[in-house]
Amino acid sequence: MTPPAADHPAPGTPWLLGAHLQQETRRITEYHTHERGQIFGIEQGVMAVHTEHAYWLIGPGQCLWLPPQIAHNASSHGAVAIWSLYVSPARCIDLPGRPFLADGTRLLTALAERLSRDADEMRWDTQISRLAESFWHEFLSAPRTSVSLPLPKSEKLCRVARALGDNPADPRAQKDWAELSAMSLRSFVRHFTLETGLPFSVWRQRLRILNAQKKLARGDSVASVALDVGYESPGAFASAFHRHTGYRPGDYARLCRTP
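So, here's what we can say about the structure. Residue numbering note: each chain is counted from 1, following its sequence as written. The predicted nature of this model means local features are confined to residues of pLDDT at least 70 and side-chain atom pairs, given and counted, to a pLDDT of 80 or more, with totals for whole chains, interfaces and linings taken over all residues. To get the side-chain values, all heavy atoms of the structure are used, and hydrogens and water are removed first.

1. Some remarks on the overall build of the protein
1) Next: Secondary structure assignment for the protein yields 10 helices and 11 strands.
2) Next: When we talk radius of gyration, it's over C-alpha atoms, and the globule rule is simply 2.2 Å times the number of residues to the 0.38. The globule rule puts the C-alpha radius of gyration for 259 residues at 18 Å, and the 20 Å found for the protein is close to it.
3) Next: If one aligns the C-alpha atoms of the protein with their principal axes, the spans along those axes are about 60 × 35 × 30 Å.
4) Next: Only protein chains enter the accessibility calculation, which uses a 1.4 Å probe; a residue is then buried when its area is under 20% of its type maximum, exposed when over 50%, and partly exposed in between. Evaluated residue by residue, the protein yields a buried proportion of 49% over its 259 residues.
5) Next: Taking the average location of the 29 positive side-chain charges in the protein and that of its 25 negative ones, the two points are 7 Å from each other. Strands here are runs of E lasting at least two residues and helices are runs of H or I lasting at least four, both read from the DSSP assignment and numbered beginning at the N terminus. Positive residues here are Lys and Arg, negative ones are Asp and Glu, while His and the chain termini are left out of the count. Where a charge lies is defined by one atom per residue type, namely NZ (Lys), CZ (Arg), CG (Asp) and CD (Glu).

2. So, the pairing of strand S1 (residues 16–23)
1) Next: Taken across its 8 residues, S1 has 6 buried, putting it largely inside the fold.
2) Next: In the sheet, S1 pairs with strand S8 (residues 80–87) via 8 bridges, with the strands oriented antiparallel. Bridging across to S8, leucine 21 finds its partner in isoleucine 82. Strand pairing requires that DSSP identify at least two bridges connecting the strands.

3. Concerning the sheet that holds strand S4 (residues 47–50)
1) Next: In spatial order, the strands read S2-S7-S4-S5-S11; together these 5 strands make up an open sheet with antiparallel pairing. If you trace the sheet from one side to the other, it starts and ends with strand S2 (28–32) and strand S11 (149–150), each paired once.
2) Next: Taken together, the 3 bridges between S2 and strand S7 (residues 72–76) define a ladder with antiparallel strand orientation. Residue pairing for S7: isoleucine 28 is matched across the bridge by serine 75.

4. Notes on helix H7 (residues 200–217)
1) Next: To estimate the expected span of a helix, count its residues, drop one, and scale the result by 1.5 Å. Over its 18 residues, H7 extends 26 Å from the first C-alpha to the last, a length consistent with the 26 Å expected when each residue adds 1.5 Å.
2) Next: Of all 18 residues in H7, 15 are buried, a share of seventy percent or more.
3) Next: Just past H7, the residue glycine 219 takes up positive phi, approximately 105 degrees.

5. With respect to the sheet that holds S8
1) Next: Spatially, the 6 strands line up as an open sheet ordered S1-S8-S3-S6-S9-S10, and their pairing is antiparallel. Sheet topology places S1 and strand S10 (144–145) at the edges, where each strand pairs with a single neighbour.
2) Next: The pairing of strand S3 (residues 37–44) with strand S6 (residues 62–66) spans 4 bridges and is antiparallel. The residue of S6 that forms the bridge with isoleucine 39 is tryptophan 65.
3) Next: By the convention used here, residues are in contact when the closest approach between their heavy atoms is within 4.5 Å. Lines fitted to C-alpha atoms define the axes here, with helix axes fitted over just the stretch in contact, and angles between the N-to-C directions of these axes take values from 0 to 180 degrees. On top of the sheet, helix H2 (residues 106–118) reaches S1, S3, S6 and S8; it is set at about 80 degrees to S8, its chief contact.

6. Some remarks on the packing of aromatic side chains
1) Next: Pairs were defined over the aromatic rings of Phe, Tyr and Trp, the Trp ring being its six-membered one, requiring ring centres within 6.5 Å. Orientation was assigned from the angle between planes: stacked under 30 degrees, edge-to-face over 60, tilted for the rest. Enumeration over the complete set of coordinates arrives at 13 aromatic pairs.
2) Next: Summarising the aromatic geometry, the rings of phenylalanine 188 and phenylalanine 192 are spaced 5.7 Å apart at their centres and angled 45 degrees between planes, so their arrangement reads as tilted. Of this pair, phenylalanine 188 and phenylalanine 192 both sit in helix H6 (residues 185–196), 4 residues apart, which is roughly one turn of that helix.
3) Next: Note on phenylalanine 188 and phenylalanine 200: the rings are 5.2 Å apart at their centroids and 65 degrees apart in plane angle, and the pair reads as edge-to-face. Here phenylalanine 200 lies in helix H7 and phenylalanine 188 lies in helix H6, a separation of 12 residues in the sequence.
4) Next: With relative accessibility at 0%, the residue phenylalanine 188 sits in the buried group.
5) Next: Overall, the relative accessible area of 3% leaves phenylalanine 200 in the buried class.

7. Notes on the packing of H7 against helix H10 (residues 249–257)
1) Next: As a packed pair, H7 and H10 sit with axes 8 Å apart at the nearest point and diverge in direction by 55 degrees. In terms of orientation, H7 and H10 fall into the oblique class. Viewed along their axes, H7 and H10 form a crossing whose handedness is right-handed. Where H7 abuts H10, its residues Gln213, Leu216 and Ala217 lie against Pro249, Tyr252, Ala253, Cys256 and Arg257.
2) Next: Residues that form the contact of H7 with H10 fall into these classes: 6 nonpolar, 1 polar and 1 charged. Roughly parallel means an angle under 35 degrees; roughly antiparallel, over 145; roughly perpendicular, 65 to 115; everything else is oblique. In a left-handed crossing the near helix is turned counterclockwise from the far helix by less than a right angle, and in a right-handed crossing that turn is clockwise. Three categories are distinguished: nonpolar for Ala, Val, Leu, Ile, Met, Phe, Trp, Tyr, Cys and Pro, charged for Asp, Glu, Lys and Arg, and polar for the others, with Gly belonging to the last.

8. Quick notes on unusual backbone geometry
Trans is the common state for peptide bonds, and a negative phi is the common state for residues other than glycine.
1) Next: Notably, glutamine 69 is not glycine yet its phi reads approximately 65 degrees, a positive angle.
2) Next: Here glutamine 69 shows up in the loop between S6 and S7.
3) Next: Although it is not a glycine, alanine 182 adopts a positive phi angle of roughly 60 degrees.
4) Next: For alanine 182, the position within the fold is in the loop between helix H5 (174–180) and H6.
5) Next: Overall, alanine 182 belongs to the exposed group, its relative accessible area being 54%.

Here's what the structure looks like:
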């Protein structure tokens, strides 16, 4: 999403600026940064966001915090409706220096949608300022989730991550992935956990669930998605998907397509 013109803070510029976008086709933005922090939320569809170190998938009702100067790209998977709020660097000290995903409360979402349309230099007044402060207090206390995919740093392990990214259903065992990375099995297990913070089996399952979310959002059937991401039965897939996301696969697909 293109930030407002005042993405570069200037004296007298409101501390919070909004932008809103809705389109029926896929949206892709290349790697870029913002002078301001960005809070990025989804009304409809899903958006994938990559940074150098991790990958997130943001679905309806969720929002992502991106600190200032964090290089990132984003892509949707079909129709999408997005709100985005840009936060002055002075306010960003209240939040972590790393991105995180948050679950939006009804109040937070309602405030964000209003501010994404009304928070600009021309319309900023006492009422908008009060709404912005209410949103900020709500966002600071919003539940944060850890459903991201940390990416390995070394080229050896990046080969494994790329191969599984291209084919999440790849059935190779850990010893085979260790061989691909030119490591012993013990070294592979240890280094993968050190670099990503997750055991390999947990990381691979999270990758599969994130890929499943993208496929469901674009309208693929539950049965085909289950096979595409490496599950032998729709039942096993539905159980894993619900455990990770809190939704049954069919319910999640309907949620992504509902305006």
